[in-house]
Amino acid sequence: MSEKAYLSVVAPVFNEEANIEVLFKRLNDTLGALHYELLFVNDGSKDLSLFKIKEIAAAYQHVKFISFSRNFGHQLAVYAGLTYASGKYIAIIDADLQDPPELIHEMLKKAEEGYEVVYAKRNKRIGESLFKKLTAKIFYRFISSVTSIDIPVDTGDFRIISERVRKAVMSMPEKNKFLRGQIAWVGFKQTFITYNRDPRLHGQTGYPLKKMLNLAIDGITAFSHFPIRLVTYIGLLMSLVSMGAIVYALISKFVLHSTVKGWTSMMILITLIGGTQLFCMGIIGEYISRIMSNVMNRPDFLIEETNIESAAKPD
Ligand code: UDP
Ligand code: MG
């Protein structure tokens, strides 16, 4: 591979055919003077994204790409980009131009001042649905209140990280990636700039509710013991309730002699306890499924095609 770049820009791509050229142009206009590389990660797009990427990569040496064998999801696409990014600094940017490429300069300046992570915090989100804004707001607030590390609110993956942080993230073996949490976990000097998030240029969001929920669950279980602590609390509460119920049952039998009448309360208790148990088992299951995916030790992603030498080599 060519010599080390000063800045690597990682752009995950899922059905962004109409945005790729504009993204490249805007990046090149603003970063042209730097020794930078652009790394597209095509995450199983079903449109002409890969074709467009390859066109650009054929014409410009500093444009690299990785193309997955199927859709592995945004987080793994970014992760793959980080794996092969060679730069001293690495910028992560969405391919739909919701994150203005021109901001990279401002972020890079902070990184050069010695910050290891410079993230971009969203002031305003323009052109997104009320539902998206609301769910995002709830998600960021909830996750920051239940997790033990400081995950910045209203911040996506648009950021610049240093090589050192990149390596630290690479050394984390977990399978359910939640990169913004992992980067926060790494620590070092971190700072942010603020910006107004633009509407997506073309195309549709690749993050429907189901993917958003999955990301939220990954984030919460990866960085918080809150759900499992909740099980303990609910279990404790239910034991107290059932102790009361036992006392009540005994009094009914031996003092009031009215045991036949207990049907209603029995039903309530049985359903209540049954429901809570199921709920708790569900939460425990979440953690067990994570243990399972880590134990299975599958590769995180499979590359179908690339122009990066070290990525193409089978080991
Ligand atoms: N993306 C991806 N894989 C996916 C979904 C999205 O690589 O399965 C990319 C997408 O092309 C974009 C970025 O991740 O560059 C953010 O996705 P999107 O804009 O669809 O999410 P939103 O901004 O609506 O939350
Ligand atoms: Mg977007």
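All values reported here derive from a predicted model rather than from experimental measurement.

Criteria and cut-off values
Residues numbered from 1 in each chain as written. Chains lettered and ligands numbered in written order. Predicted model: local features only at pLDDT ≥ 70, side-chain atom pairs only at ≥ 80, totals over all residues. Heavy atoms only, no water. Helix = DSSP H or I, 4+ residues; strand = E, 2+ residues; numbered from the N terminus. Rg over C-alpha atoms; globule rule 2.2 N^0.38 Å. Buried < 20%, exposed > 50% of the residue type's maximum accessible area, 1.4 Å probe, protein only. Contact = heavy atoms within 4.5 Å. Areas by Shrake-Rupley, 256 points an atom, 1.4 Å probe, with all protein chains shown as cover. Lys, Arg positive; Asp, Glu negative; His and termini not counted. Charge placed at Lys NZ, Arg CZ, Asp CG, Glu CD. Near = heavy atom within 4 Å. Polar contact = N/O pair within 3.5 Å; in protein donor to acceptor, adjacent residues only side chain to side chain. Donors = N, O, S within 2.8 Å, 3.2 Å for Na, K, Ca; no water.

(A) Looking closely at the overall build of the chain. On a plain count of helices and strands, the chain comes out with 11 helices and eight strands. Computed over C-alpha atoms, the radius of gyration of the chain comes to 25 Å, more than 25% over the 20 Å expected from 2.2 N^0.38 for 315 residues, which places it beyond the range of a compact globule. For the chain, the spread of C-alpha atoms along the principal axes amounts to about 90 × 40 × 35 Å. In the chain, buried positions account for 46% of the 315 residues. Taking the contacts inside the chain whose residues are at least 6 apart along the sequence as the reference set, 83% of them involve residues at least 24 apart. Carbon and sulfur atoms provide 63% of the accessible area of the chain, an area that totals close to 16,800 Å². Distance between charge centres in the chain, computed from 37 positive and 31 negative side chains, equals 8 Å.

(B) Spotlight on the site of ligand 1. Close to ligand 1 lie 20 residues; Glu 16, Asp 43, Gln 98, Thr 205 and Gly 206 are nearest. Between Asn 71 and ligand 1, the recorded distance is 3.1 Å, taken from a side-chain N or O atom to an oxygen atom. Within the side chain of Thr 205, an N or O atom sits 2.6 Å from an oxygen atom of ligand 1. In the complex, the protein chains occlude 95% of the 530 Å² of accessible area that ligand 1 would expose alone.

(C) Main features of the coordination of the magnesium ion (ligand 2). Within the protein, Asp 96 (OD) and Gln 98 (OE1) serve as the donor atoms for the magnesium ion (ligand 2), at 1.9 Å. Judged on exposure class, the residue Asp 96 and its partner Gln 98 are both buried.

(D) Just the environment of Ala 11, in detail. One can find Ala 11 in strand 1 (residues 7-13). Between the C-alpha atoms of Ala 11 and Ala 91, which are 80 residues apart in sequence, the distance is 8.6 Å. In contact with Ala 11, not counting residues within four places along its chain, are Leu 23, Leu 39, Phe 40, Val 41 and Ile 93.

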